[in-house]
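The chain contents come next:
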Amino acid sequence: MKIAVVGTGYVGLVTGTCFAEVGIDVTCIDIDQKKIDNLKQGILPIYEPGLEEIVSRNVDAGRLHFSTNLGEAIQECDVAFIAVGTPPGEDGSADLKYVLAVARSIGENMTDYCVVVTKSTVPVGTAAKVRREIEAALERRDADIEFDVASNPEFLKEGAAIDDFLKPDRIVVGVSSERAEDVMSKLYKPFLLNGHPIIFMDIPSAEMTKYAANSMLATKISFMNDIANLCEIMGADVNMVRRGIGSDARIGHRFIYPGIGYGGSCFPKDVKALIRTASENGYDMQVLKAVESVNEAQKSVLFDKVSKHFGGELKGKKMAIWGLSFKPKTDDMREAPSLVIIEKLLNAGCSVSAYDPVAIQEAKHSLGDTITYAKDPFEALIDADALLVVTEWPEFRAPNFGVVGKLMKEKAIFDGRNIYDAKELAELGYTYHCIGIKTAH
Ligand code: NAD
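Keep in mind the model is a prediction, meaning the values are calculated, not measured.

Basis of the calculations
Residues numbered from 1 in each chain as written. Predicted model: local features only at pLDDT ≥ 70, side-chain atom pairs only at ≥ 80, totals over all residues. Helix = DSSP H or I, 4+ residues; strand = E, 2+ residues; numbered from the N terminus. Rg over C-alpha atoms; globule rule 2.2 N^0.38 Å. Buried ≥ 20, exposed ≤ 12 C-beta atoms within 10 Å, placed from the backbone. Domains from an automatic or database assignment. Contact = placed C-beta atoms within 7 Å. Nonpolar A, V, L, I, M, F, W, Y, C, P; charged D, E, K, R; others polar. Near = placed C-beta within 6 Å. Core = buried A, V, L, I, M, F, W, Y, C linked by C-beta atoms within 7 Å. UniProt positions renumbered as here; feature names shortened; annotations may be inferred. Pairing = 2+ DSSP bridges. Axes fitted to C-alpha atoms, helices over the stretch in contact; angles between N-to-C directions. pLDDT = per-residue confidence, 0-100. Bend = angle between axes of the 7 residues up to and from the residue. Left-handed = near helix turned anticlockwise from the far one by under 90°.

Engineer: Is there a simple way to explain the overall build of the protein in this structure?
Structural biologist: The secondary structure content of the protein amounts to 18 helices and 14 strands. Taking 22 Å as the expected radius of gyration for a compact globule of 441 residues, we find that the protein reaches 24 Å, a close match to that expectation. Seen through its principal axes, the protein has C-alpha atoms that stretch 75 × 50 × 40 Å. Every one of the 441 residues in the protein was classed for burial, and the buried ones make up 45%.

Following this line, the structure appears as structure tokens:
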């Protein structure tokens, strides 16, 4: 089989590479010439653990190609994936202009039957719009070529994307013809050999499944943050509560960690888009509206603790930040809570020195030279009045607190991810604040 994957971001590049890894001939397309030139030289546009090695292996094997020429790639492929961005428009709805532009180009260039699959996260009804866009382009060329559309939402997690793709919990595919189902079954067969299920359904249900999944996960996070804030007021320990409820099999231990709010390119925009889809169709998503507002408030919780600790006198204080990306093992800075926290610190007159193992380059796009960037975690601490742990990178979990304390002006740690032990830090003479546990005043 031959496939084309249009869009070589986090999803497209991982998708294309993993299909190549199981032996399929893949062309990854992007409109960004520089991205494609770099990829041809083995330079990846994103950080994703393990990806560089698997890209280079498949390029060397002649199965993975990069191009800006969609027209050429589409002419030879059995399946074309659309994996371009669907950023939030001003009203919160998913902006489909990139998806529909790709659909148009596909219609303008296809020469044979092909299944056009939306892998981007798109609202219910988008596959129908993609179909109309392709039909219109075919009509303009007076071409009579059969095609199918399908929806195959992606559930990979940045930071674990390769494993998620190669060993998926499930593959969801929405189709409207047996022919498309056969093609998609054949394409995904190599991933199913170890019992990973493929779930076929109608296209609107597949489109909705992705939003429902992300909204459910965002709900778990906001619910737990709400509980954490109440624990703190009431003198309960959210870590204990988390273990207590997680052991109920109906609840489970995953995704119930309190923190400083969800970020990233998916949850914020997908929650917004689902609220918008509902309201456009006369329905009010009350739970999701609360999820969103709890999340907005949660991004300020760490700053509020810092401000309270210093009695509101933050002008001239130096703050060290550990972690910039929205979560560990990625350089993705989209909607990262660190951006909100840093903005608040800067507005309050603080200086900020930050360290992140991989996201500094990306962070510079939004933060520029408003903060300083340290070359290691310890450099960020020099003369700092406080340390804020914003992203739980593994290397922050067990630092040498003796060294940490010596470098800092004041031994104050504000832990937005609950990775330290309050008792241990108190014994070492630190003031320690975390989320959902009353630790210091
Ligand atoms: P991204 O911004 O990293 O990548 C999108 C790519 O598409 C860019 O390289 C851009 O240059 C390219 N592009 C835009 N218009 C194009 C066109 N007309 N032709 C060719 N290339 C074009 O986006 P992403 O994070 O990979 O997300 C893509 C989609 O997948 C979104 O809908 C997102 O919601 C969804 N998704 C993302 C994740 C994730 O973890 N990032 C997970 C699941 C689903």
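Engineer: It is not clear to me how the domain arrangement of the protein should be interpreted in this structure. Could you clarify?
Structural biologist: Think of interface size as the accessible area that goes away when the parts come together; that is how it is often given. Each assigned domain of the protein is listed here: domain 1 (2-201), domain 2 (211-297) and domain 3 (299-433). If you average the C-alpha positions of domain 1 and of domain 3, the two centres end up 38 Å apart. On the domain 3 side, the residues contacting the five residues of domain 1 number seven residues. The class makeup of the residues in the side of domain 1 that touches domain 3 is three nonpolar, one polar and one charged.

Engineer: Whenever I open this one, the site of the ligand confuses me. Can you help?
Structural biologist: The immediate surroundings of the ligand are formed by 26 residues, with Gly 7, Gly 9, Val 11, Ser 120 and Thr 121 found nearest. Elements supplying a minimum of two residues to the shell around the ligand: α1 (10-21) and α5 (97-109).

Engineer: Explanation requested: the nonpolar core in the structure shown.
Structural biologist: Residues Val 6, Ala 80, Val 116, Ile 321, Leu 387 and Leu 388 are the most contacted members of the largest nonpolar core, which totals 122 residues. The dominant element in this core, judged by the number of residues it contributes, is helix α9 (residues 203-234), at eight residues.

Engineer: Sorry if this is basic, but what is going on with the UniProt feature "active site" (unreviewed entry) in the protein here?
Structural biologist: Residues annotated in UniProt with the feature "active site" (unreviewed entry) correspond here to Cys 266. Mapped onto the elements of the fold, Cys 266 is located in the loop between α10 (238-246) and α11 (267-280). Ignoring anything within four residues of it in the chain, the contact list for Cys 266 reads Thr 121 and Asn 214.

Engineer: Would you take a moment to explain the sheet that holds strand β14 (residues 431-433) for this structure?
Structural biologist: Two pairing modes exist for strands in a sheet, parallel and antiparallel, and in both the strands are linked by backbone hydrogen bonds. With parallel pairing, six strands are arranged side by side in an open sheet as β11-β10-β9-β12-β13-β14. Single-partner strands in this sheet number two, and they are β11 (372-373) and β14. Relative to strand β13 (residues 412-415), strand β12 (residues 386-389) is paired through three bridges, and the arrangement is parallel. Bridge pairing in β13 places Leu 388 opposite Phe 414. Its contacts with the sheet place helix α13 (residues 301-309) against β12, β13 and β14, and it is angled at close to 160° to β13.

Engineer: Help me understand the pairing of strand β3 (residues 64-67) in this model?
Structural biologist: Walk down a regular strand and you will see the side chains alternate between the two sheet faces. Where burial is concerned, the two faces of β3 differ: the one with Leu 64 and Phe 66 is buried and the one with His 65 and Ser 67 is not. Where strand β2 (residues 25-29) meets β3, four bridges bridge the pair, whose relative direction is parallel. Its bridge partner being in β3, Thr 27 is matched across the sheet by His 65.

Engineer: Just to check I follow, could you spell out the UniProt feature "domain: UDP-glucose/GDP-mannose dehydrogenase C-terminal" (unreviewed entry) in the protein for this structure?
Structural biologist: Mapped onto the present numbering, the UniProt feature "domain: UDP-glucose/GDP-mannose dehydrogenase C-terminal" (unreviewed entry) falls on residues 320-422. Along residues 320-422, the helical share is 31% and the strand share 17%, with 19 Å between the first and last C-alpha atoms.

Engineer: What's the story with the confidence of the model for the protein in this structure? I'm lost.
Structural biologist: When pLDDT is averaged across the protein, the result is 97; 100% of the residues are at 70 or more. Both scores are given for the predicted complex: the pTM is 0.95, the ipTM 0.99.

Engineer: Teacher, can you tell me more about helix α8 (residues 178-192) here?
Structural biologist: Since the α-helix packs 3.6 residues into each turn, any two residues three or four apart lie on the same face. Along α8, the largest kink reaches about 35° and is centred on Lys 186; proline Pro 190 follows within four residues of it. Along α8, the positions that sit buried rather than exposed are Ala 180, Val 183, Met 184 and Leu 187.

Engineer: Where do I start with the environment of Leu 192 in this structure?
Structural biologist: Within the element layout of this structure, Leu 192 appears in helix α8. Separated by 94 residues in sequence, Leu 192 and Tyr 98 place their C-alpha atoms 31 Å apart.

Engineer: Just to check I follow, could you spell out the packing of α11 against helix α12 (residues 286-298) for this structure?
Structural biologist: When two helices pack together, you describe them by how their axes are tilted relative to each other and by the distance separating the axes. Remark: α11 packs on α12, axes separated minimally by 10 Å, with the N-to-C direction vectors making an angle of 145°. With respect to the hand of their crossing, α11 and α12 are arranged in left-handed fashion. For the pair α11 and α12, contact is made by Val 271, Leu 274 and Ile 275 and by Leu 288, Lys 289, Val 291 and Glu 292, respectively. Looking at side-chain class alone, the contact of α11 with α12 contains five nonpolar, no polar and two charged residues.

Engineer: So what exactly am I meant to see when it comes to the environment of Ile 342 here?
Structural biologist: Topologically, Ile 342 is positioned in helix α14 (residues 337-347). A count of 25 C-beta atoms within 10 Å places Ile 342 in the buried class. Non-local contacts of Ile 342, meaning those with residues more than four positions away in its chain, are made with Ile 321, Val 352, Leu 367 and Ile 371.

Engineer: Just to check I follow, could you spell out the environment of Ser 353 for this structure?
Structural biologist: Mapped onto the fold, Ser 353 is located in strand β10 (residues 351-355). Classification of Ser 353 by C-beta neighbours within 10 Å gives partly exposed; the count is 18. For Ser 353, the contacting residues outside a window of four places in its chain are Lys 318, Ala 320, Ile 371, Thr 372, Ala 374, Ala 380 and Ala 384.

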